[in-house]
Amino acid sequence: MRKTINFILIMLLFLASVLLAQSTNTGVNFLKIGVGPRPIGMGSAFTGVGDDLYTLYWNPAGIGFIRRWELSAMFNKYFADMYYSAVSGVKQFRMLGSKKTALGVGLLYHGMPEWDNTGGENPEKASASNFLGLISFGQRLDWLWEKISVGINAKVGYSKLCEFDATTIATDLGIMYRTF
């Protein structure tokens, strides 16, 4: 009976994620750039693996399975001198008597050098940059099933292009079921 109830709960959670998924145009396209060497090397198919701190950016539920401190710094220089950097950290801690809780933080920065905005006799300099900060919470649900974890991200982003700027707030919800 318990397995049937667990199966129904898992299917309802999967169905909710499909129904709530969106595909829209966004002003924060730099978020489509992958974070972490292994996830990028896997062709961005990291959502279901999530066994290191880069799961912060791919599926926040994965940090519920992390059981130690993990810190990371990444820098990538692209064509035309564009660059992308990330600093991240995850820590397991005790909350309400559970050792299955993890908290993560991450900072992303995407920038490029100044360029001539006019191309005329009186050059006018312009630049573009993007920043994102995130806080992530993950919890393994041992009381339900030790192979399930849930997580949530809260993100605040800032983008600037020439004299225009924008701020965005976003959240990610995730669930992870491990088969091993």
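Residues numbered from 1 in each chain as written. Predicted model: local features only at pLDDT ≥ 70, side-chain atom pairs only at ≥ 80, totals over all residues. Heavy atoms only, no water.

We now examine the overall build of the protein chain. The helix and strand inventory of the protein chain stands at three helices and eight strands. Each helix and strand of the protein chain, ordered N terminal to C terminal, gives the series α-α-α-β-β-β-β-β-β-β-β. Split into buried and exposed, the 180 residues of the protein chain put 37% on the buried side. Partitioning the intrachain contacts of the protein chain with sequence separation of at least 6 by distance along the chain shows that 53% fall at a separation of at least 24. (Helix = DSSP H or I, 4+ residues; strand = E, 2+ residues; numbered from the N terminus. Buried < 20%, exposed > 50% of the residue type's maximum accessible area, 1.4 Å probe, protein only. Contact = heavy atoms within 4.5 Å.)

Now for the packing of aromatic side chains. Tallying each qualifying case throughout the model produces two aromatic pairs. The interplanar angle of 25° and the centroid separation of 6.2 Å between the aromatic rings of Phe 75 and Tyr 83 together place this pair among those described as stacked. Accessibility expressed as a relative area gives 55% for Phe 75, which makes it exposed. For Tyr 83, a relative accessible area of 25% translates into the label partly exposed. An aromatic cluster of three or more residues is present, and its members are Phe 75, Tyr 83 and Tyr 109. Over the face of the ring belonging to Phe 65 we find Arg 178, whose NZ or CZ atom lies 4.3 Å from the ring centre. (Phe/Tyr/Trp six-rings, centres within 6.5 Å; stacked < 30°, edge-to-face > 60°. Lys NZ or Arg CZ within 6 Å of the ring centre and 35° of its normal.)

As defined by bridge partners, strand 6 (residues 128-140) adjoins strand 7 (residues 148-161) across 13 bridges and the pair is classed as antiparallel. Residue pairing in the sheet places Ala 128 in a bridge with Leu 161 of strand 7. By the bridge criterion, 14 bridges tie strand 7 to strand 8 (residues 164-177) in an arrangement that is antiparallel. Bridged to Lys 155 within strand 8 is Ala 170. Counting the residues that bridge the hairpin from strand 7 to strand 8 gives two residues, and of these Cys 162 lies at a positive phi of roughly 55°. (Pairing = 2+ DSSP bridges.)

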